[in-house]
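Chain and residue survey
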Amino acid sequence: MAYGKLFIVSTPIGNLSDITFRAVETLRSASIIACEDTRNTKILCEKYKIETPLESYHKFSESKKCDVFINRLKGGEDVALVSDAGTPLISDPGVKLVQEARLEGIEIVPVVGASAVMALLASIPRQDEAFKFIGFLPRQKGQIENLLNSNRGENLVFYESPNRLIETLLTISKNQKDRHIAIGRELTKKFEEIKVDTVENLLEYYNSHVLKGEIACMLYALDENSATENEIFDKIQTLKGLKLTDKDIVSVLNSLYGTPRNKIKEFLLKNPGT
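Residues numbered from 1 in each chain as written. Predicted model: local features only at pLDDT ≥ 70, side-chain atom pairs only at ≥ 80, totals over all residues. Heavy atoms only, no water.

Considering the pattern of salt bridges
Enumeration according to the criterion identifies 11 salt bridges in this entry. Across the pair Glu107 and Lys5 runs a salt bridge whose closest N-O atoms are separated by 3.9 Å. In this pair, Glu107 sits in the loop between α4 (95-103) and β5 (108-111) while Lys5 sits in the segment before β1 (6-9), placing the two residues 102 residues apart along the sequence. Here Lys189 ties to Glu186 by a salt bridge, and the two come within 3.4 Å at their closest N and O atoms. (Salt bridge = Lys/Arg side-chain N within 4 Å of Asp/Glu carboxyl O. Helix = DSSP H or I, 4+ residues; strand = E, 2+ residues; numbered from the N terminus.)

See below:
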């Protein structure tokens, strides 16, 4: 008997109309749908009259349920894997099932569709196509700081929860408050909001606005020759120690980092020490 196929099916990230005809047909024709939360997938299935049986498959049951789905696939049944929203395996369960399926020689078929990452990137200004997706940020502040410092030249794309966004912005602003960030919230939904500004400004904004819904972010890369405010202050101290005049300091820092002269003059006024 020929093996069945494992379909990796993208589902809407918010607006239930954002599903492809192919995805609906695949979910209808599969023998079973493996999903994170059957309650969420049931809503989608009811809207599109999909009657395929649902079976939960989440990060806490991956090891136990993986063999169940592999056996069904080896028995000739097609299995459709979905996540609660977006594309499976992108910060969602499914890696173990795909790995095991490949080891068994089972065909993996992607059924593409909605993605919060693509929705955000298509809606914000960028200098180039390059970006680095890192899923969810680590939970420890020290780990986040190390990640940010080692990727200063990258456009860092990540997911964040509304409960953690303020704390994350605070961690970033500690040393990189002038760095720009794009934040997409409730993408594709009625109250969709996309903001692009400095980390400092958006921290102030979200401190006075209610935060709800899933969040996708892109922290813009720093130019190789750019410097944070703290670094500018440090350089001013060093140059003052060398007895350079304010005029010379402005010229040196403008030449080194491209920081506007007026901005450097503001820093000098804040840092009048000799």
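Considerations on the nonpolar core
Leu165, Leu169, Ile181, Ile183, Tyr206, Cys217 and Leu219 are the most contacted members of the largest nonpolar core, which has 19 residues in total. The element contributing the most residues to this core is helix α8 (residues 199-206), with 5 residues. Formed by 17 residues, the second largest nonpolar core is a distinct cluster that contains Ala30, Ile33, Ala80 and Val82. (Core = buried A, V, L, I, M, F, W, Y, C linked by side-chain atoms within 4.5 Å. Buried < 20%, exposed > 50% of the residue type's maximum accessible area, 1.4 Å probe, protein only.)

Focus: the packing of aromatic side chains
Summed over all chains, the structure comprises 4 aromatic pairs. Considering the side-chain rings of Phe133 and Tyr159, the 5.4 Å spacing of their centres and the 75 degrees angle between planes classify their relative orientation as edge-to-face. Here Tyr159 lies in strand β7 (residues 156-160) and Phe133 lies in strand β6 (residues 132-136), a separation of 26 residues in the sequence. Classification of Phe133 as partly exposed rests on a relative accessible area of 30%. According to the relative accessible area criterion, Tyr159 is buried, its value standing at 13%. Taking 5.6 Å as the distance between ring centres and 55 degrees as the angle between the ring planes, the aromatic pair formed by Phe136 and Tyr159 counts as tilted. Pair noted here: Phe136 is in strand β6 and Tyr159 is in strand β7, with a separation of 23 residues, a long-range link. (Phe/Tyr/Trp six-rings, centres within 6.5 Å; stacked < 30°, edge-to-face > 60°.)

Quick look at the sheet that holds β1
With respect to topology, 5 strands assemble into an open sheet ordered β3-β2-β4-β1-β5, the strand pairing being parallel. Lying at the two open borders of the sheet, with one neighbouring strand each, are β3 (54-56) and β5. If you compare each strand with its neighbour and ignore which way they point, the axes differ by 25 degrees on average. Pairing analysis gives 3 bridges linking strand β2 (residues 32-35) to strand β4 (residues 79-81), with the strands arranged parallel. Paired with Ala34 across the strands is Leu81, a residue of β4. Against the sheet, helix α3 (residues 62-74) makes contact with β1, β2, β3 and β4, and its axis sits at roughly 145 degrees relative to β3, the strand it touches most. Against the sheet, α4 engages β1, β4 and β5, with an angle of about 150 degrees to β1. (Pairing = 2+ DSSP bridges. Axes fitted to C-alpha atoms, helices over the stretch in contact; angles between N-to-C directions. Contact = heavy atoms within 4.5 Å.)

With respect to the sheet that holds strand β10 (residues 215-219)
Within the open sheet, the 5 strands sit side by side as β6-β7-β10-β8-β9. Their pairing is mixed. What marks the edges here is a single partner per strand, and that holds for β6 and β9 (193-198). Neighbour-to-neighbour, the strand axes of this sheet turn through a mean angle of 15 degrees, independent of strand direction. Pairing geometry for β6 and β7, over 3 bridges, is parallel. From the neighbouring strand, Lys132 faces β7, where its bridge partner is Leu156. Contacts from helix α7 (residues 165-176) reach β7, β8 (180-185) and β10 within the one sheet, and its direction differs from that of β8 by about 175 degrees.

As for the state of the cysteines
Between two cysteines, a covalent bond joining their sulfur atoms is known as a disulfide. Applying the stated criterion across every chain, the model contains 0 disulfides. Between Cys66, a free cysteine, and Cys35, which holds the nearest cysteine sulfur, the sulfur-to-sulfur gap is 16 Å. Residue classification places Cys66 among the buried positions, given a relative accessible area of 0%. (Disulfide = S-S within 2.5 Å.)

Digging into the packing of α3 against α4
Across the interface, α3 lies against α4 with an axial gap of 9 Å and an inter-helix angle of 40 degrees. On the basis of their axis angle, the class for α3 and α4 is oblique. Crossing of α3 over α4 shows right-handed handedness. In contact with Glu62, Ser63, Cys66, Phe69 and Ile70 of α3, α4 contributes Val95, Lys96, Leu97, Glu100 and Ala101. (Parallel < 35°, antiparallel > 145°, perpendicular 65-115°, else oblique. Left-handed = near helix turned anticlockwise from the far one by under 90°.)

Side note on the packing of helix α6 (residues 141-150) against α7
Between α6 and α7, whose axes approach to 10 Å, the crossing angle comes to 50 degrees. With respect to their mutual orientation, α6 and α7 come out oblique. As α6 packs across α7, the resulting crossing turns out to be right-handed. Contacts from Lys141, Ile144, Glu145, Leu148 and Asn149 of α6 reach α7 at Glu167, Thr171, Ile172, Lys174 and Gln176. Split by residue class, the contact of α6 with α7 holds 3 nonpolar, 3 polar and 4 charged. (Nonpolar A, V, L, I, M, F, W, Y, C, P; charged D, E, K, R; others polar.)

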